[in-house]
Amino acid sequence: MQHCFWRRILVFCAVFFLAGSIWATHPPYAHAYDNPELLPDTPTPVVDLAKSLTSAQEENLVRKLEQFEAETGWKLRVLTQYDRTPGLAVKNFWKLDDKSVLLVADASGGNILNFNVGDAVYKLLPRTFWVELQTRFGNLYFVREEGEDGAIIQALESIETCLRQGGCRVVPGLPKEQWILTLISSIIGGIVCGFAAQPRRDGQVIAWQWALIFSPLWGILFIAFGIGPVVSRTSDWLPLVRNIAGFLIGVLVAYLSNFFNRSSASEM
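Anyway, here's the lowdown on the structure attached to this text. The model shown is predicted, which means the values in this text are computed figures rather than measured ones. (Residues numbered from 1 in each chain as written. Predicted model: local features only at pLDDT ≥ 70, side-chain atom pairs only at ≥ 80, totals over all residues. Heavy atoms only, no water.)

## A few points about the packing of aromatic side chains
Phase 1: Enumeration over the complete set of coordinates arrives at 7 aromatic pairs.
Phase 2: An angle of 75 degrees between the planes, with centres 5.3 Å apart, marks the rings of F137 and F142 as edge-to-face.
Phase 3: In this structure an aromatic cluster arises from ring pairing among F115, F129 and W130.
Phase 4: Lying over the aromatic face of W74, K99 brings its terminal NZ or CZ to 4.8 Å of the ring centre.
Phase 5: For R144, the ring lying beneath its charged end belongs to Y141, and the centroid distance is 5.3 Å. (Phe/Tyr/Trp six-rings, centres within 6.5 Å; stacked < 30°, edge-to-face > 60°. Lys NZ or Arg CZ within 6 Å of the ring centre and 35° of its normal.)

Structure follows, in structure tokens:
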């Protein structure tokens, strides 16, 4: 069980960096053909060709998206597909514009989520937001646990939340796998700081100069990678306290290891 958990963390990291490298050179647009006959005759913000949603889920989602558009002016649309796609026909069907977001869920690939994003939306939700949104909710492990419907609904909820509050640089919420990575980074930062602060001459208690010299390294590990992702994604204080405690424990263990080594050497 533990082995499976750590494997998930490694896969999470690999998927994140792979998607980032791909999206850095390719915009997140769904590539498709032009099959308007697959689209319904009546207007609807959700076209579920792959039957990823139940009837109740689809009705509820249609109501929520229509209400969201009426309240905010942002147009969110959902298309699920598998072996057949309406492709470019959706642009005219939904009259997609600069204030539109099209979520395309396609289970035939590795990551089921793709996004077609209007220029006005990019001003509030940058490219890095969409990379993280895709890797968090569209990866195979998340879909296996939460289902395609869970991936679609939770991704839309994140988009709605950020558009309502005027924009986000990162996706709200802190998954357990991501928090584990921030905790590990905090602990490593503390270990680096603790080793740097070890006294190097008689009568010295803390080597402040060495601690300051290495501060860019342990500062990046602790603040940029340990604290930053937490405070930018959640207001919950518990992960923050745990990361700070992990950093302090790392400092203490690394700092005191020098004294334990000296004691062992003197006994011999």
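Picking up where we left off.
## Notes on the pattern of salt bridges
Phase 1: Per the counting criterion, the structure on display carries 4 salt bridges.
Phase 2: Its salt-bridge partner being R164, residue E71 comes within 2.9 Å of it at the nearest N-O pair. Of this pair, E71 sits in helix 2 (residues 55-72) while R164 sits in helix 6 (residues 140-164), placing them 93 residues apart in sequence.
Phase 3: R233 is the partner of E132 in a salt bridge, and the nearest nitrogen-oxygen pair spans 2.8 Å. In this pair, E132 sits in helix 5 (residues 127-137) while R233 sits in the loop between helix 9 (215-231) and helix 10 (237-267), placing the two residues 101 residues apart along the sequence. Side by side, E132 and R233 carry an identical accessibility label, which is buried.
Phase 4: Where salt bridges share partners, they join E132, R136 and R233 into one cluster. (Salt bridge = Lys/Arg side-chain N within 4 Å of Asp/Glu carboxyl O. Helix = DSSP H or I, 4+ residues; strand = E, 2+ residues; numbered from the N terminus. Buried < 20%, exposed > 50% of the residue type's maximum accessible area, 1.4 Å probe, protein only.)

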